[in-house]
Number of protein chains: 2
Amino acid sequence: MTASQTKGISILLVDDHPVVRQGYRRVLETQSDFDVTAEAEDATSAYAAFKAHLPDVVVMDISMPGASGLEAIRNIRLRAPRARILVFSMHSEAVLVKAAFKSGASGYVTKSSEPMVLVQAIRSVARGERAMSDDVAHVLALESLSPSASVFEQLGEREIEILRQLAAGSTQEQIASNLNISMKTVQNYQSLIKTKTGMRTDAQLVRLAAEYGLTSL
Amino acid sequence: MTASQTKGISILLVDDHPVVRQGYRRVLETQSDFDVTAEAEDATSAYAAFKAHLPDVVVMDISMPGASGLEAIRNIRLRAPRARILVFSMHSEAVLVKAAFKSGASGYVTKSSEPMVLVQAIRSVARGERAMSDDVAHVLALESLSPSASVFEQLGEREIEILRQLAAGSTQEQIASNLNISMKTVQNYQSLIKTKTGMRTDAQLVRLAAEYGLTSL
DNA sequence: CGGTGGGCCGGGAAATCTTCCCGATCTTGC
DNA sequence: GCAAGATCGGGAAGATTTCCCGGCCCACCG
């Protein structure tokens, strides 16, 4: 049923910036066996687009407003376990990379990579392999060696997402609404995050998050 | 000497992400009177590229690693006061926008804008006009209405010092001790600072302070 | 299987922090 | 002297934080 059976690789682009999507297209259309069949601009519409087009590979930025990109990945993989998702992100911090793979991503390429790195990575994941850019591999490799786990190591995915939104300046109410949980739960997580990381104030959390690239600032 | 005299608008692209630069190119090359003559990938090389090509318009992302994009703007305008610089950013916070214009930018367009918005903005700044995307205008307009004209200038010395320590991660208790005042006073200041600046959470205060260079981070 | 551990979700209650009110002092400038 | 404004803090109501608890689901293991 997918377009991949006979010839090219069909691709769904997910990014909230139109111009960046244009950039994907420009790079990808130089490859005759690539076919960009759809685009989506947020996590929620990503699954709809996936269902409608059943692309061979989803190329996705995970730092999008609102719902987490990680959740979108899980969402897609839940209903389509054979989906191949390639994360294309500004950040290469180990926490994020590991979270992405754990959520079901097949590859991870940073936006600072040369365009051809993205192209090669797409081919790899389309073949069912894992792929990542050099810088990501470097980060992961170092991470796997050091027994000194980063502060984030001990944070669950939910905790990381809440920390990210907190650091971005969202109020508890907004976070609760974004994640469809109660404010009480947000408060409990916030408190838990502080004890786990050893931070005492919200301000320290912001700085911690910024240090690890969780927020742009 | 520049290429603009007779026909098209020559453009220098500055962004640290190759793929994003491809996106610029793709959009801009649809315009027959545009001519993307150079690219740069960081703030420091931006001036060199400007000097070498003397483009009519510089399209620049200001959130780049290392040196501040704002500094690059100032750098260019210092030696070439007639340079036209259009900021193209992910963020539209009033502080950033104002800082950009203050540094010498001629326009400000967010990356979430439709591509044609960027195109029109480039034409505007090439004509010597100011230009910005709707969302940026919205933010600035609201800002100009609020009694907090400059958000920051209206803070007293004591308020700024407390904001600085807060943003640095100090607890109320530490601040009170440092300044030899009661915690209650610190709390009152903190509250006052929020209302004056329009920030709602501590996290937003940290980001505000960081954007103004109040804290290193 | 059933048990165990972990992540996720929230209630309860006391402690703490925030907000918005108020008055006090002190300096500055007219 | 007097007004303005910066600094300092109390009081009280409301919101947040902390720490405790139990329930749910899922993955792993004996």
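Everything below is about the structure printed above this text.
Per chain, the residues get numbers from 1 upward, laid out in the order the sequence is written. Throughout, the order in which chains and ligands are written sets their labels, letters from A for the former and numbers from 1 for the latter. For this predicted model, a pLDDT threshold of at least 70 governs which residues receive local features, and a threshold of 80 or more governs which side-chain atom pairs are given and counted, while totals over whole chains, interfaces and linings are taken from all residues. The basis for every side-chain value is the complete set of heavy atoms in the structure, and neither hydrogens nor water enter the calculation.

S.K.: Talk me through the interface of chain B and chain A; I want residue IDs and the actual numbers.
M.R.: Note on contacts: a residue pair qualifies if any of its non-hydrogen atoms lie within 4.5 Å across the two residues. In this assembly, 37 residues from chain B lie in contact with 35 residues from chain A. Summed over both sides, the interface between chain B and chain A buries roughly 3000 Å², with carbon and sulfur atoms accounting for 65% of that surface. When a carboxyl oxygen of Asp or Glu is within 4 Å of a side-chain nitrogen of Lys or Arg, the pair counts as a salt bridge. Between the two partners, chain B and chain A, sit two salt bridges. The partner of B:Arg26 in a salt bridge is A:Glu29, with the nearest N and O atoms 3.2 Å apart. The definition of a polar contact used here is a pair of N or O atoms within 3.5 Å, where within protein one atom must be able to donate a hydrogen and the other to accept one, and adjacent residues in sequence count solely through side-chain atom pairs. Here chain B and chain A share eight residue pairs in polar contact (both at pLDDT 80 or more) between them. Of all elements in the fold, only α1 (18-28), α7 (157-168) and α10 (202-211) of chain B reach the threshold of two or more residues within the side of chain B that touches chain A. Think of it this way: any DSSP run of H or I at least four residues long counts as a helix, any run of E at least two long counts as a strand, and we number them from the N terminus. Examining the composition of the side of chain B that touches chain A, we find that nine residues originate from one element, α1(B), more than from any other. Within the side of chain B that touches chain A, the residues separate by chemical class into 15 nonpolar, 13 polar and nine charged. As a working definition, buried area equals the accessible area (1.4 Å probe) given up by two parts on being put together, with both sides summed. Gly counts as polar in this scheme, as do all residues outside two lists: the nonpolar Ala, Val, Leu, Ile, Met, Phe, Trp, Tyr, Cys and Pro, and the charged Asp, Glu, Lys and Arg.

S.K.: Outline the protein's contact with DNA strand D, supporting the account with residue identities and numerical values.
M.R.: Among the 18 residues in the neighbourhood of DNA strand D, the closest are listed as A:Gln172, A:Gln187, B:Arg158, B:Ser182 and B:Lys184. Summary of the distance rule: residues count as near a molecule or strand when at least one heavy atom falls within 4 Å of that molecule or strand. Among all atoms of DNA strand D positioned within 4 Å of the protein, those belonging to sugar or phosphate total 62%. In the environment of DNA strand D, a phosphate oxygen lies 2.6 Å from a nitrogen or oxygen atom belonging to the backbone of B:Ser182. Mapped onto the surface near DNA strand D, the elements with two or more residues apiece are α9 (183-197) of chain A together with α7 and α9 (183-197) of chain B.

S.K.: Before we move on, could you go through the packing of aromatic side chains and cite the residues and values that matter?
M.R.: Residues and elements named next belong to chain A. Two aromatic rings from Phe, Tyr or Trp, using only the six-membered ring of Trp, form a pair when their centres are within 6.5 Å; if the ring planes differ by under 30 degrees the pair is stacked, by over 60 it is edge-to-face, and anything between is tilted. Summed over all chains, the structure comprises two aromatic pairs over all chains. Where tyrosine 24 meets phenylalanine 88, the ring centres are 5.1 Å apart and the plane angle is 85 degrees; that geometry is what we call edge-to-face. Here tyrosine 24, found in helix α1 (residues 18-28), pairs with phenylalanine 88, found in strand β4 (residues 84-89); they are 64 residues apart in sequence, far enough to count as distant. Relative accessibility decides the category of a residue: with a 1.4 Å probe and only protein chains considered, values under 20% of the type maximum give buried, values over 50% give exposed, and everything between is partly exposed. Phenylalanine 88 sits in the buried class, given a relative accessible area of 0%.

S.K.: Any details on α9(B)? Residues and values, ideally.
M.R.: All names here are of chain B. Its 15 residues place the ends of α9 21 Å apart at the C-alpha level, agreeing with the 21 Å of an ideal helix rising 1.5 Å per residue. Every buried residue of α9 is accounted for by Val186, Gln190, Ile193 and Thr197. All buried residues of α9 lie within an arc of 65 degrees about the axis, which places them on one face of the element. One or two residues past the end of α9 sits glycine 198, with phi positive at roughly 80 degrees. One less than the residue count of a helix, multiplied by 1.5 Å, gives the span that helix is expected to have. The arc in question is the one spanned by the directions pointing from the helix axis to the C-beta atoms.

S.K.: Account for the protein's contact with DNA strand C, naming residues and giving values.
M.R.: Neighbouring residues of DNA strand C: 19 residues in total, closest A:Arg158, A:Lys184, A:Thr185, B:Gln172 and B:Gln187. Here, DNA strand C places atoms within 4 Å of the protein, and 64% of those atoms are sugar or phosphate. B:Lys184 is positioned such that a nitrogen or oxygen atom in its side chain is 3.5 Å from a base oxygen of DNA strand C. Between B:Ser191 and DNA strand C, the recorded distance is 3.2 Å, taken from a side-chain N or O atom to a phosphate oxygen. Only α7 (157-167) and α9 of chain A together with α9 of chain B provide two or more residues apiece to the surface near DNA strand C. By residue number, the principal contributor to the surface near DNA strand C is α9(B), which donates eight residues. Tallied by class, the residues present in the surface near DNA strand C amount to three nonpolar, ten polar and six charged.

S.K.: Would you mind going over the packing of α7(A) against helix α8 (residues 172-179) of chain A in detail, with residue names and values included?
M.R.: Residues and elements named next belong to chain A. Axis definition: a line fit to C-alpha positions, over the contact stretch in the case of helices; interaxial angles, taken between N-to-C directions, run 0 to 180 degrees. Their axes nearest at 10 Å, the elements α7 and α8 cross at an angle of 135 degrees. As far as their axial angle goes, α8 and α7 are oblique. Of the two possible hands of crossing, α7 and α8 adopt the one that is right-handed. Counted together, Arg158, Glu161, Ile162, Gln165 and Leu166 of α7 and Ile175, Asn178 and Leu179 of α8 form the full contact between these two elements. Of the residues that constitute the contact of α7 with α8, the class distribution is four nonpolar, two polar and two charged. Under this scheme an angle from 65 to 115 degrees is roughly perpendicular, one under 35 degrees roughly parallel, and one over 145 degrees roughly antiparallel; angles in between are oblique. Working rule for handedness: look at the near helix, and if it is turned counterclockwise from the far one by less than a right angle, call the crossing left-handed; if clockwise, right-handed.

S.K.: So, the pattern of salt bridges: which residues are in play, and what are the values?
M.R.: For the structure shown, the criterion picks out 22 salt bridges over all chains. Between A:Lys196 and A:Glu159 there is a salt bridge, with the nearest N and O atoms lying 3.1 Å from each other. With A:Lys196 in helix α9 and A:Glu159 in helix α7, the pair connects residues that are 37 residues apart, well separated along the chain. The exposure class of A:Lys196 is partly exposed, given its relative accessible area of 28%. A relative accessible area of 6% places A:Glu159 in the buried class. Of the charged contacts, one joins B:Glu29 and B:Arg25 as a salt bridge, the two residues approaching to 3.4 Å between their closest N and O atoms. The class for B:Glu29 is partly exposed, based on a relative accessible area of 40%. Among the charged side chains, a network of salt bridges with common partners joins A:Arg21, A:Arg25, A:Glu29, A:Glu39 and B:Arg26.

S.K.: Describe unusual backbone geometry, listing the residues and the values that go with them.
M.R.: The phi dihedral of A:Asn180 falls on the positive side, at around 60 degrees, and the residue is not glycine. Turning to its location among the elements, A:Asn180 is positioned in the loop between α8 and α9.

Keep in mind that these numbers describe shape and distance, not what the molecule does.
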